[in-house]
Amino acid sequence: MSSKNVEKKGTKLEVMVFTDPYCSWCWATEPMILSMMERYREQIHFKYVFGGLIKDFDDFYDPDNDIRDAAATEPHWKMVSERTGQPINEKLWEDIAPIRHFSTWPANIAAKAAFLQSEEVGFRYLRRLRRAALTERKIISKSEVFEQLARETEGLDYKRFRNDVANGTAKSAFLEDQVTCAEWQTWGFPTMLFYKEGADVRHLTRGDATYVGGHRSMETYDMVIHDLCPDIHEYEPRSEVELLADYGPMTERELGQVHSRTKEEELAVLEGLERDGAVARTERVRGNVWSLPAKDESANVA
C-alpha cells in the first residue's frame, strides 16, 4: 500500500473499516477498497477495526445467512464468489469442519499485530491473510500458517510480530477493537463508517458522517464520499504494473474495478501484459491472482 494512503497530510475523509480476515463479503469488497485508495489517495484514510467474526464455531450462528456450521458456510462462500467475481475456494470449510471450537480470533489477533508495526505493513499482511484463506485454502488461524505468512510479508518485523502475539500485546489491541465494535453495535462485516477528517468520532452528526453496512457497489461508496466531501479530487488510475508494484498481488476483479472495466475486459488486458512478460498469473478457483514477475537473481551473478 502506498504511503500516500497512510499519511494524514491532505486527508479529507476518515473511514473506519470493521472487518475480519476470514470474511467472504470483506474479500468481495476489496475491489472497492482498492479503488477508493487509488481514486482518492492521500485524501482518504482507512482505519481497520477487527471484529472477530467467530469466537467459537461450536456456539456460532449467523441468523442473516442461516449459517451455524462449516457445511452451511461452504455454499455461502461459493455464492459470494459467483455473485461478486472475486476468486474464492470454498473447499476450505471442508478442512475446517473437523476442528472443534474453530475460531477466527487468532487470525484477527495476528492481523492486529501487523498493524501495530504500521498501517502500511498491516494492510499488506491483511491482504496476504485474505488471499491465503479465501483463494489458497489455508487455515490462517493456525499459528504455523499465520507466522509463515508474516515471514513472507515485505517490511514486517517478524521477531516483533511473534513477540506481540505471544506476550498478549496484539490480543489486548484486538480486544480494544471489540470495545469499538460494541460502541457502534457493529458485528456484521464489512461495515464502514465514513466521517470528515477532524470530526469528533464520538459525537458525529449526520452532516459529518455516513454509516454504510454490508457489501456495496462502488457507486454507493462514491456517492457517500462526494456527499461528505464535494470538493474531493479524483485521480486517474495508474497502470496495472504500477498498481501491482504498490498494492501487491491483485485479482482481475480488483484491477478491473480500479480501471472501471468488467472482469472479462480486465482479463484481456492482463493476458496481453502476460504475453509481454510484464505480469504473472497464479490460477485460483473462479479467477486469478496477478503479480509482478519474480526477479531473476541469476542475472546478477557474474
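One can find the structure itself at the top, above this paragraph.
Not measured: the values here are computed from a predicted model.

J.: Can you walk me through the overall build of the protein chain in this structure?
T.: Scanning the protein chain for helices and strands turns up 12 helices and seven strands. Against the globule reference of 19 Å for 302 residues, the protein chain gives a C-alpha radius of gyration of 19 Å, in line with a compact fold. Each principal axis of the C-alpha distribution contributes one length, and for the protein chain these read about 55 × 50 × 40 Å. Across the 302 residues of the protein chain, 52% fall into the buried class. For the protein chain, the proportion of contacts with a sequence separation of at least 24, taken over those separated by at least 6, is 70%. Surface accessibility of the protein chain: about 13,900 Å² in total, with carbon and sulfur atoms responsible for 48%. Of the side-chain charges in the protein chain, 40 are positive and 53 negative, and the distance between the mean point of each set is 2 Å.

J.: Help me understand the sheet that holds strand S1 (residues 13-19), please; the structure alone is not making it clear to me.
T.: To summarise the sheet geometry, strands pair through backbone hydrogen bonds and adopt either a parallel or an antiparallel arrangement. Within the open sheet, the four strands sit side by side as S2-S1-S3-S4. Their pairing is mixed. This sheet does not close on itself; its edge strands, each paired only once, are strand S2 (44-50) and strand S4 (209-213). Neighbour to neighbour, the strand axes of the sheet diverge by 15° on average, direction disregarded. In this fold helix H8 (residues 169-183) packs onto S1 and S2, with an angle of close to 100° to the strand it touches most, S2.

J.: What is the right way to look at empty space enclosed by the protein in this model?
T.: Left-over empty space is what a probe sized like a water molecule reveals as it rolls over the atoms. All told, the structure shown has two cavities of 30 Å³ or more when counted by the stated rule. Of the volumes computed, that of the largest cavity is approximately 40 Å³. Of the residues forming the lining of the largest cavity, the biggest block, four residues, is contributed by helix H1 (residues 24-40). Of the residues in the lining of the largest cavity, the class split is six nonpolar, two polar and two charged.

J.: Sorry if this is basic, but what is going on with the packing of aromatic side chains here?
T.: Both the distance between ring centres and the angle between the ring planes are used here to describe each pair of aromatic rings. Tallied over the full model, the rule gives 14 aromatic pairs. When the centroid spacing of 5.5 Å and the interplanar angle of 40° are considered together, the rings of Tyr48 and Phe115 count as tilted. Of the two residues, Tyr48 is situated in strand S2 and Phe115 in helix H4 (residues 105-115); the sequence distance between them amounts to 67 residues. The class of Tyr48 is buried, set by a relative accessible area of 5%. One aromatic cluster is present, formed by Tyr22, Phe57, Phe60, Trp77, Trp93 and Phe102 through successive ring pairs.

What counts, and at which threshold
- Chains are numbered independently. Their residues run from 1 in the order of the written sequence.
- Side-chain atom pairs in this predicted model are given and counted only at pLDDT of 80 or more, local residue features only at pLDDT of at least 70, and totals for whole chains, interfaces and linings cover all residues.
- Only hydrogens and water are set aside when side-chain values are computed; all heavy atoms of the structure are taken into account.
- Only DSSP runs of H or I covering at least 4 residues are called helices, and only runs of E covering at least 2 are called strands; the numbering of each starts at the N terminus.
- Radius of gyration here is computed from C-alpha atoms only, and the compact-globule reference equals 2.2 Å multiplied by the residue count raised to the power 0.38.
- Throughout this description, buried means an accessible area under 20% of the type-specific maximum (1.4 Å probe, protein chains only), exposed means over 50%, and partly exposed covers the range between.
- Should any heavy atoms of two residues lie within 4.5 Å, those residues are counted as being in contact.
- Residue burial considers only the protein chains on display, and all accessible areas are found by Shrake-Rupley using a 1.4 Å probe.
- His is not counted, nor are the chain ends; Lys and Arg add positive charge and Asp and Glu add negative charge.
- Where a charge lies is defined by one atom per residue type: Lys uses NZ, Arg uses CZ, Asp uses CG and Glu uses CD.
- Two strands are counted as paired when DSSP detects at least two bridges linking them.
- What counts as an axis is a line fitted to C-alpha atoms, over the stretch in contact for a helix, and the angles between N-to-C directions run from 0 to 180 degrees.
- A 1.4 Å probe that fits into a set of points on a 1 Å grid over the protein atoms alone but cannot get out defines a cavity; an open set with protein on both sides within 12 Å along at least five of seven lines defines a pocket, and lining residues are those with an atom within 4 Å of a point.
- Grid points are joined across faces, edges and corners, and a volume is the space filled by probe spheres set on the points.
- In this classification, the charged set is Asp, Glu, Lys and Arg, the nonpolar set is Ala, Val, Leu, Ile, Met, Phe, Trp, Tyr, Cys and Pro, and all remaining amino acids, among them Gly, are polar.
- For Phe, Tyr and Trp, rings pair up if their centres lie within 6.5 Å, where Trp contributes its six-membered ring, and each pair is then called stacked (planes under 30 degrees apart), edge-to-face (over 60) or tilted (otherwise).

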